[in-house]
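One-letter residues, chain by chain:
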Amino acid sequence: MGTEHSKNEGRRSMIFLRKGPKLPAWEDALLSGREPKSLLKRGLRYVSLSLIMKGMTSTPDFLWGLPEVQKLNLSRNQLVVIPPSLGKLDRLVVLNLGGNCLKSLPKEIGLLRNLRVLFVNMNCLTEVPTELSLCRKLEVLSLSHNRISQLPLSFTDLTSLRKLNLSNNRFVQIPLCIFALRSLDFLHLGSNRLENIAESIQYLVNLQIFIIENNNIRSLPRSLCYITTLELLNVDYNAIQTIPNDLYLLRRLRRIAWNPMDKGLHIAHNPLSRPLPEVVEGGLDVLFSYLRDKKEHN
């Protein structure tokens, strides 16, 4: 009887254990019985937490109990949703959500008032929350490889933004709010559906790198020639036939560039009208001389 009783008690205990809350396999392996705080890395400047490539399909609950985190990397997982609890991590300076399956961002992202760098590239976003504009310290923003076609007008409040990557999206025109971002020194709009560059581009007076390759742009506005800070202008793979005569004013463009990483003027794979293809072959000095002479004779 005693032996049988012990067996029954054992079965009941096993049943009880099976009914208890069970952590996802990836979370169980991640913690391995440790306290969540043990995952933090404390550097000289920042407290960091990296959960890159952990096979996560949802964010771990313990994450929202770590308010001291300043750099958080959740990239290259399978996250579909970021919960409103994100707003609890209000000390975040760097947040990487790239390479997931996110269709939206919570409005609580606007509570991250210390955020300076945000990566949400390679997701499934169709829009950006207006509340992101409350992150006034934001300096670097990558929204590339999504399905975005417009930005909220409130983006004009992101006056500290210096680098903006909107490549590989669905923009048919450059959002008006971008022209108010006077601190921008890097703007990537490659691989969208753009057909023109508005004259308002001239207001980006600190722009050094402007990439607008692989669109359907037919001409370059004259006002682009007044951004004399430009060091890299990439208009490869468009439908450009003519070049504004004042392009020679962009004296920081040092060469005709062929390597995507090189600074200079990238203008390959465009149906340039003659004699421009032959002139371009001669190099940037030849092109600028040609444009200057052409302007003087007009």
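The chain goes by LRC30 protein in an unreviewed UniProt entry, where it is assigned to Scytalopus superciliaris.

A word on unusual backbone geometry. Glycine aside, a negative phi is what most residues show, and trans is what most peptide bonds show. A cis amide bond, omega 5 degrees, links R274 with the succeeding residue P275. One can find P275 in the loop between β11 (264–266) and α3 (276–281). Phi at S191 takes a positive value of approximately 55 degrees, unusual for a residue other than glycine. Structurally, S191 can be placed in the loop between β8 (186–188) and β9 (209–211). Positive phi, close to 60 degrees, is recorded for H269, a residue that is not glycine. When you line up the elements, H269 lands in the loop between β11 and α3.

Another point: helix α4 (residues 284–296). Along its 13 residues, α4 runs 18 Å from first to last C-alpha, staying within 8% of the 18 Å computed at 1.5 Å per residue. Within the sequence span of α4, burial applies to L284, L287, F288 and L291. Along the axis of α4, the buried residues cluster in a sector spanning 95 degrees; they form a single face. In α4, the exposed positions that point more than 90 degrees away from the buried face belong to D285 and E296. Among the structural elements, β11 and α3 are those in contact with the buried residues of α4.

Considered as a void within the structure, the largest pocket measures approximately 160 Å³ in volume. S149, Q150, L151, L153, F171, V172, Q173, I174, P175, L176 and C177 are the residues that line the largest pocket. Here the lining of the largest pocket is built from residues that sort into eight nonpolar, three polar and no charged.

Calculation notes
- The written sequence of each chain sets the order in which its residues are numbered from 1.
- For this predicted model, a pLDDT threshold of at least 70 governs which residues receive local features, and a threshold of 80 or more governs which side-chain atom pairs are given and counted, while totals over whole chains, interfaces and linings are taken from all residues.
- Side-chain metrics in this entry use all non-hydrogen atoms of the structure; hydrogen atoms and water are not considered.
- The numbering of helices and of strands both runs from the N terminus, where a helix is a DSSP run of H or I of at least 4 residues and a strand a run of E of at least 2.
- Under the convention used throughout, the expected extent of a helix is 1.5 Å for every residue step, that is, one less than its residue count.
- Exposure categories follow from relative accessible area, calculated using a 1.4 Å probe and restricted to protein chains: below 20% of the type maximum is buried, above 50% is exposed, and the middle band is partly exposed.
- The arc under discussion is defined with respect to the helix axis, by the directions toward the C-beta atoms.
- Residues count as neighbours in contact if any of their non-hydrogen atoms are within 4.5 Å of one another.
- Grid spacing is 1 Å over the protein atoms alone, the probe is 1.4 Å, and a cavity is where that probe fits but cannot get out, while a pocket is an open set with protein on both sides within 12 Å along at least five of seven lines and lining residues have an atom within 4 Å of a point.
- Grid points are joined across faces, edges and corners, and a volume is the space filled by probe spheres set on the points.
- Polar here means any residue other than Ala, Val, Leu, Ile, Met, Phe, Trp, Tyr, Cys and Pro, which are nonpolar, and Asp, Glu, Lys and Arg, which are charged; Gly is therefore polar.

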